[in-house]
Amino acid sequence: MAARSEELFKRAVKRIPGGVNSPVRAYGAIGETPRFIDRAEGCYIYDVDGSRYIDYIDSWGPMILGHNFPLIREAVIKACEKGLSFGCATEIEVEMAEFICGHIPHVEMIRMVNSGTEAVMSAIRAARGFTGRSKTIKFAGCYHGHSDALLVSAGSGVMTSGIPDSAGVPEGCTKDTMTAVYNDLDSVRKLFEQAPGKVAAVIVEPVAANMGVVLPEKGFLEGLRELCDQNGALLIFDEVITGFRLAFGGAAEYFHVTPDMVTYGKIIGAGMPVGAYGGRKEIMEMVSPSGPVYQAGTLSGNPVAMAAGLTQLKYLHSHPEIYDDLEKKGKKLYGGMEEILKKTGKDYQINHISSLGSLFFTGQKVKDYTSAKTADTNAFAKYFLGMLGSGIHLAPSQFEAMFLSAAHTDQVIEETLDAVEKYFREENKAFRQDELKGHADE
Ligand code: HOZ
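Read on for an overview of the structure. Please read all numbers here as calculations on a predicted model, not as lab measurements.

The subject of this paragraph is the sheet that holds strand 11 (residues 349-353). In space, the three strands of this open sheet follow the order 11-12-14, with antiparallel pairing throughout. Every interior strand has two partners, whereas the edge strands, strand 11 and strand 14 (402-403), have only one. Strand direction decides the pairing type here: strand 12 (residues 356-360) and strand 14, joined by two bridges, are antiparallel. If you follow Gly-357 over to strand 14, its bridge partner there is Met-402. Lying over the sheet, helix 12 (residues 321-343) contacts strand 11, strand 12 and strand 14, oriented at roughly 170 degrees with respect to strand 11.

Below, the structure is given as structure tokens:
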């Protein structure tokens, strides 16, 4: 069934570490061959063996309008006709910055980079430059890309890699990173007390989506805002996943909490390799060449990527109904999954908000890294394969999110729910049969 993918994977492992260019793609947590993708359209993705799947990865977030959205494709083709990269200033970079700053009140200035990793790394450097302090507080299970200082108790692929933190990161690089517990303000307070006057910034995924989806409890983000103000530290929202997805103004708008700085990733490139960091003018003016914090990049603000990203942002801004639609679709999908779990007697957890959701194979409420880790990853792997067999393409890890797009129709969501129900009914049957067999063997 996946002969061509298998063949490609055999070739890939000989030349690419683990056969992939980003670990989570390798299906390591699933024990299967990754499907190699040929193309995608709307809510569907097609592999090289000709199988079609309903896609819930959405390129890890940016495909809010669905894959290969015609307007974005046309903008990219038009931009390509003028040349792919100049390494010089362009008009579209100015338009992009003006558009974002004109519509997101807490972003007064913004700098384009090429990925979320780069955005976060640079934002923290700017925060350090601005405050003259060196320490950062992050949260266990939050993932902010793979820069040295932030690969501490990280989420995403690190959670399934079997190693607590990455090799190759010298102690010196992480000595200024302090780790707090998500949804636990006391843990943050204690860290501030341990290092008075030394914390430059608190960085948080306002909705954690790299240990599975974990929602901020009431008062958590507001409490972080207060603690940062009391301690003279900056609050950075990593909105690589939530930016322009939960609301046009991201989680900051959704929860009415204003960060000092924000980081964006792939979403602002509509899937092209883009990231950005921005915030208050006085902070951003610290960045070179207007200030002493150095940060640079030949491909930053690349005209093709800007054309894709700006087209998506403009479309989202002029179609605010998309956000209500995503809320409704989220309720239908994740609410439907909750009903199925109740019916089939499964005590699993579904965390969800708007288009983002996760099914955790645990009976415990998932509110932080420790509770997320109680999930049964073998049960997830079985479920993943069952869903793949029914034509549903999920992220191949218990600790990643499901992403809905505007292209997922009600009918497609119903098909997905049918597949979920079928899986759990069959799994219950198999379980009962094993039980009966167990008794017969006694
Ligand atoms: N959790 C990552 C996205 N935020 C998964 C994608 C990747 O690392 O390739």
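Text resumes after the structure shown.
Spatially, 1-2-3-13 is the arrangement adopted by the four strands of the open sheet, whose pairing is mixed. The open sheet has two free edges, formed respectively by strand 1 (37-41) and strand 13 (392-393), since each of these has just one partner strand. In the sheet, strand 2 (residues 44-47) pairs with strand 3 (residues 52-55) via three bridges, with the strands oriented antiparallel. Counterpart to Ile-45 in the pairing with strand 3 is Tyr-53.

Let us look at the pairing of strand 8 (residues 234-238). Burial within strand 8 is extensive, with five of its five residues counted as buried. Judged by which residues are buried, strand 8 turns out to be covered on both faces: Leu-234, Ile-236 and Asp-238 on one side and Leu-235 and Phe-237 on the other are all buried. As judged from the four bridges shared by strand 7 (residues 199-204) and strand 8, these two strands associate in the parallel manner. For Val-204, the partnering residue across the bridge sits in strand 8 and is Phe-237. Note that the unit made of strand 7, helix 8 (residues 220-231) and strand 8 has a crossover that is right-handed. Direction of pairing for strand 8 relative to strand 9 (residues 261-264): parallel, over a ladder of three bridges. Paired with Asp-238 across the two strands is Thr-263, which belongs to strand 9. In this view, the connection linking strand 8 to its parallel neighbour strand 9 by way of helix 9 (residues 250-255) has right-handed handedness.

This brings us to unusual backbone geometry. Most peptide bonds adopt trans geometry, and most residues besides glycine take a negative phi value. In this structure, Pro-289 follows Ser-288 across a cis peptide bond, with omega equal to 10 degrees. Of note, Pro-289 is situated in the loop between helix 10 (281-284) and helix 11 (303-318). For Ser-59, which is not a glycine, the phi torsion comes out positive at approximately 55 degrees. Inspection of the secondary structure assignment puts Ser-59 in the loop between strand 3 and helix 2 (70-80). Residue Ser-59 is classed as partly exposed on the basis of its relative accessible area of 32%. Its identity is not glycine, yet Ser-354 carries a phi of approximately 50 degrees, on the positive side. Summarising the element assignment, Ser-354 is placed in the loop between strand 11 and strand 12.

Scanning the entire structure with this criterion turns up 20 aromatic pairs. Ring centres of Phe-69 and Tyr-315 lie 5.0 Å apart, and the angle between their planes is 70 degrees; on these two criteria the pair is classed as edge-to-face. Taken together, the residues Phe-69 in the loop between strand 3 and helix 2 and Tyr-315 in helix 11 connect sequence positions 246 residues apart. According to the relative accessible area criterion, Phe-69 is buried, its value standing at 19%. Measuring from ring centre to ring centre gives 5.6 Å for Tyr-383 and Phe-424, while their planes differ by 25 degrees; the resulting arrangement is stacked. Linking Tyr-383 in helix 14 (residues 377-389) with Phe-424 in helix 15 (residues 410-441), this pair joins segments that are 41 residues apart in sequence. Judged by its relative accessible area of 0%, Phe-424 is buried. Stacked on the ring of Tyr-46, the Lys or Arg Arg-39 has its end atom at 3.9 Å from the ring centre.

Looking now at the site of the ligand. Close contacts around the ligand come from Ser-22, Val-24, Trp-60, Ser-156, Asn-210, Ile-241, Lys-266 and Glu-400, and that covers them all. Contact distances for the ligand include 2.5 Å between a nitrogen atom and a side-chain N or O atom of Asn-210. Contact distances for the ligand include 2.7 Å between a nitrogen atom and a side-chain N or O atom of Glu-400. Against a free-state accessible area of 290 Å², the protein chains account for coverage of 87% of the ligand. Tallied by class, residues from the shell around the ligand come to three nonpolar, three polar and two charged.

In this section: the environment of Pro-216. Position of Pro-216 relative to the elements: it lies in the loop between strand 7 and helix 8. The buried category is assigned to Pro-216, whose relative accessible area is 12%. Considering only alpha carbons, one finds Pro-216 and Pro-206, ten residues apart in sequence, at a separation of 6.6 Å. In contact with Pro-216, not counting residues within four places along its chain, are Tyr-182, Asn-183, Pro-206, Val-207, Leu-221 and Phe-255.

Calculation rules
- Residues numbered from 1 in each chain as written.
- Predicted model: local features only at pLDDT ≥ 70, side-chain atom pairs only at ≥ 80, totals over all residues.
- Heavy atoms only, no water.
- Pairing = 2+ DSSP bridges.
- Helix = DSSP H or I, 4+ residues; strand = E, 2+ residues; numbered from the N terminus.
- Contact = heavy atoms within 4.5 Å.
- Axes fitted to C-alpha atoms, helices over the stretch in contact; angles between N-to-C directions.
- Buried < 20%, exposed > 50% of the residue type's maximum accessible area, 1.4 Å probe, protein only.
- Right-handed = clockwise from strand over helix to strand, strands pointing away.
- Phe/Tyr/Trp six-rings, centres within 6.5 Å; stacked < 30°, edge-to-face > 60°.
- Lys NZ or Arg CZ within 6 Å of the ring centre and 35° of its normal.
- Near = heavy atom within 4 Å.
- Polar contact = N/O pair within 3.5 Å; in protein donor to acceptor, adjacent residues only side chain to side chain.
- Areas by Shrake-Rupley, 256 points an atom, 1.4 Å probe, with all protein chains shown as cover.
- Nonpolar A, V, L, I, M, F, W, Y, C, P; charged D, E, K, R; others polar.

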